[in-house]
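# Secondary and tertiary structure notes
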Amino acid sequence: MEFSIKRTGRITDFLDENMVEGQEIAVRGPFGNHFPVEGRLKGKDMLFIGGGIGMAPLRSVINYMLDNRGDYGTIDVVYGARSKEDFVKYGELTEDWPHHPDVRVHLTIDRPEDGWTGNVGFVPAFLKDLAFTPDKTVCLCGPPIMIRRWSCA
């Protein structure tokens, strides 16, 4: 198992500062539904849309599809974060995924920052600019405001 934990308060601060390798904690879940990677998604051209820590659950599906590349069509990943530092697994996004055949990664941050040469703006507006065709199957995970704005775009 792999976990992505963002420091946001006392509990996550404790986990970050005090946990040691091998220490045990209780975990509840998983909650929600699975991604039908062996069923409805097989053979499809995919569009993954992630915002903030929402990339964490999508990441496992993307990596599965990369490991089974012949079973899926094109893969586009659109991912927005507050800043470059807030991207989940930035190295994987920029150094690993784009080197797979027919995989494109599109990154955006909310506000300009020094050293960032990529897109600046929120995910829904970025999606309009990218102008994807409607033949892609979409997997979406992010903050509610991003989902509402995208679905109304």
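Everything below is about the structure shown above.
Residues numbered from 1 in each chain as written. Predicted model: local features only at pLDDT ≥ 70, side-chain atom pairs only at ≥ 80, totals over all residues. Heavy atoms only, no water.

Okay, the overall build of the chain next. Of regular secondary structure, the chain possesses five helices and five strands. The order of helices and strands in the chain, counted from the N terminus, is α-β-α-β-α-β-β-α-β-α. In summary, the chain has a C-alpha radius of gyration of 16 Å against a globular reference of 15 Å for 153 residues, a match within 12%. Based on the C-alpha atoms only, the size of the chain along its principal axes is roughly 45 × 40 × 30 Å. In the chain, buried positions account for 33% of the 153 residues. If you take every contact in the chain between residues at least 6 apart in sequence, the share linking residues at least 24 apart comes to 67%. Accessible surface, the chain: about 10,000 Å² in total, of which carbon and sulfur atoms supply 52%. Between the averaged position of the 18 positive side-chain charges in the chain and that of its 22 negative side-chain charges there is a distance of 8 Å. (Helix = DSSP H or I, 4+ residues; strand = E, 2+ residues; numbered from the N terminus. Rg over C-alpha atoms; globule rule 2.2 N^0.38 Å. Buried < 20%, exposed > 50% of the residue type's maximum accessible area, 1.4 Å probe, protein only. Contact = heavy atoms within 4.5 Å. Areas by Shrake-Rupley, 256 points an atom, 1.4 Å probe, with all protein chains shown as cover. Lys, Arg positive; Asp, Glu negative; His and termini not counted. Charge placed at Lys NZ, Arg CZ, Asp CG, Glu CD.)

Bringing the state of the cysteines into the picture now. Simply put, disulfide is the name for a covalent bond between the sulfur atoms of two cysteines. Applying the stated criterion across every chain, the model contains zero disulfides. Free cysteine Cys 139: the closest other cysteine sulfur is in Cys 141, separated by 9.9 Å. You can call Cys 141 partly exposed: its relative accessible area is 26%. (Disulfide = S-S within 2.5 Å.)

With that out of the way, let us pick up the sheet that holds strand E2 (residues 75-81). With parallel pairing, the five strands of this open sheet are ordered in space as E4-E3-E2-E1-E5. Each having just a single partner strand, strand E4 (119-120) and strand E5 (137-141) make up the two edges of the open sheet. When strand E1 (residues 46-51) meets E5, the two strands line up parallel, connected through five bridges. Each residue of the ladder has a partner; that of Phe 48, found in E5, is Cys 139. Packing of helix H2 (residues 55-67) onto the sheet brings it into contact with E1, E2, strand E3 (103-109) and E5, and relative to E1 it is tilted by some 155°. Its contacts with the sheet place helix H4 (residues 123-130) against E1, E2, E3 and E4, and it is angled at close to 145° to E2. (Pairing = 2+ DSSP bridges. Axes fitted to C-alpha atoms, helices over the stretch in contact; angles between N-to-C directions.)

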